[in-house]
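Okay, here's what each chain looks like letter by letter:
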Amino acid sequence: MCTWILHRADIRGSGKGQAGWFPIQQANVAFDHPADAPLDHAVLIDFVNEAMGPSARVAVELSATSARALVEAIQSALEDGDKQHVANHEDVVTLSVHSTYLN
Amino acid sequence: MPLYGPLMGETTGIHGHNADLIDAYLARPLGDGPYPGVLLLHHMPGWDEWSIEATRYFAHHGYIAICPNLHHRAGPGTADEMAAATRERGGVPDEQCMGDAAGAVAYLRAMPSNNGKVGVIGFCSGGRQAYLAACELHGVDAAVDCWGGRVYVPEEERQGRGQPLDLTPKMHVPLLGIFGNDDTNPSPEHVDRIEAALKDAGKPYEFHRYDGAGHGFFATGRPGYRPVQATDGWKKVFSWFETYLQPART
């Protein structure tokens, strides 16, 4: 493809990268040349936290068929959640703490 | 220069666009020269091991070769991390790329062992950038576009912007094009359009289109690698640079 076309999704959750778990804020999705997968083109998905730098990244490169299978699996999992009436209570709790210290 | 002579390979810093200091891989024969220079513009997956190997390959054949990290500003990180972060930022602007390329050319030309000639070669997105360099970058003497996509951009996809093909009348160096006929970007039809523009503008060029090959068919270790076509393609590249970058033999 050789394009810079990118589809973004603002997301909340955690990803496990090289240095352990970190908060992810965005998923970047493109269809282009993979860095590693033995494919000419692949669906490239990066779960990132831009503020933490380029290494804060969980990357996958999937064949188009695999990506469609993944989409179906996610939809199925969400339907499971809907049946249990929990899928809409999804938002990650954002830690907000105000600390004071007496020195 | 004897083939299999001693080489030097190292990461160095060059001043690119806006005088930004960026990484560049430099590979050169260890002799006094004079040697022609080659600027290698890496593909979209980034400043990766294949690009570095290709840079050393030119040194192995008697060229001072440099490959700037066009994704440097998205770092630090690994090649794929910087490529992903660059995509997130919207890609490499052409102006920035030409600035980095100009810095790399200046670096090559300042080397005492350079023979005063510099060629540019690019792969994938770098092929498109090599086409731009052939039209806009001063200090280069020959160019090679290896399957650069979006040199020709269909009108409905231009979104009011220009395309590199529009710059063809400004092309000031001979251009070699290497393409796979199974590629979709550039497709054979795209390559036809590029060739027509070069003919119309009266520019010296040579195109080689390989059957049974798609995009990126030089890339060893990738499923698109085509050893027979790639071996012949590399010969075409070295022959091109031999013609335009080496001093005339007396």
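Counting restarts for each chain: residues are numbered from 1 in the order of the written sequence. Here every chain gets a letter starting at A, and every ligand a number starting at 1, in the order they are written. Residues qualify for local features only when their pLDDT is at least 70, as the model is predicted, and side-chain atom pairs are given and counted only at 80 or more; totals for whole chains, interfaces and linings, by contrast, use all residues. Each side-chain value is derived from all of the structure's non-hydrogen atoms; neither hydrogens nor water enter the calculation.

**Regarding the overall build of chain A**
- Elements are defined by DSSP. Helices are runs of H or I of four residues or more, strands are runs of E of two residues or more, and each kind is numbered from the N terminus. On a plain count of helices and strands, chain A comes out with one helix and four strands.
- Start at the N end of chain A and walk to the C end: the helices and strands fall as β-β-β-β-α.
- For every residue, the accessible area (1.4 Å probe, protein chains only) is compared with the maximum for its type, and the residue is labelled buried under 20%, exposed over 50%, or partly exposed between those bounds. Buried residues in chain A amount to 27% of all 103 residues.
- Summarising the internal contacts of chain A: among those between residues at least 6 apart in sequence, 30% fall at separations of at least 24. In what follows, a contact means two residues having at least one pair of non-hydrogen atoms within 4.5 Å.

**Observations concerning the sheet that holds strand 1 (residues 7-17) of chain A**
- DSSP calls a pair of strands paired once it identifies at least 2 bridges connecting them. In space, the four strands of this open sheet follow the order 1-2-3-4 (chain A), with antiparallel pairing throughout. Bordering the open sheet on either side are strand 1 and strand 4 (57-62) of chain A, each of which pairs with just one other strand. For this sheet, the mean angle separating the axes of adjacent strands, direction not counted, is 25 degrees.
- Inspection of the sheet shows strand 1 of chain A paired to strand 2 (residues 20-32) of chain A by nine bridges, in the antiparallel sense. Considered in strand 2 of chain A, the bridge of Gly15(A) is made with Phe22(A).
- Most of the contacts of helix 1 (residues 64-83) of chain A go to strand 4 of chain A, to which it runs at about 120 degrees, and overall it touches strand 2, strand 3 (42-48) and strand 4 of chain A.
- Packed on one face of the sheet, helix 2 (residues 79-88) of chain B meets strand 1, strand 2, strand 3 and strand 4 of chain A and runs near 70 degrees to strand 2 of chain A. Think of each axis as a best-fit line through the C-alpha atoms, taken over the contacting stretch in the case of a helix, with angles from 0 to 180 degrees between the N-to-C directions.

**Re the packing of helix 3 (residues 94-109) of chain B against helix 4 (residues 125-136) of chain B**
All names here are of chain B.
- Axis separation between helix 3 and helix 4 bottoms out at 10 Å; the angle between their running directions is 70 degrees. On the basis of their axis angle, the class for helix 3 and helix 4 is roughly perpendicular. Every residue of helix 4 that contacts helix 3 at Asp94, Cys97 and Met98 is listed here: Arg128, Gln129, Leu132, Ala133 and Glu136.
- Each residue gets one label: Ala, Val, Leu, Ile, Met, Phe, Trp, Tyr, Cys and Pro are nonpolar, Asp, Glu, Lys and Arg are charged, and the others, such as Gly, are polar. Among the residues forming the contact of helix 3 with helix 4, the class breakdown is four nonpolar, one polar and three charged. Any angle that is under 35 degrees is reported as roughly parallel, and any over 145 degrees as roughly antiparallel; angles of 65 to 115 degrees are reported as roughly perpendicular and all others as oblique.

**A look at the pairing of strand 3 (residues 35-41) of chain B**
Residues and elements named next belong to chain B.
- Along strand 3, seven of the seven residues are buried, which leaves the element largely enclosed by surrounding structure.
- The pairing of strand 3 with strand 4 (residues 64-68) spans three bridges and is parallel. When the sheet's bridge partners are listed, Leu39 is paired in strand 4 with Ile66.
- When the strands point away from the viewer and the connection leading from the first strand across the helix to the second strand turns clockwise, the crossover is called right-handed. Chirality of the crossover, the property in question, places the unit of strand 3, helix 1 (residues 49-60) and strand 4 among those that are right-handed.

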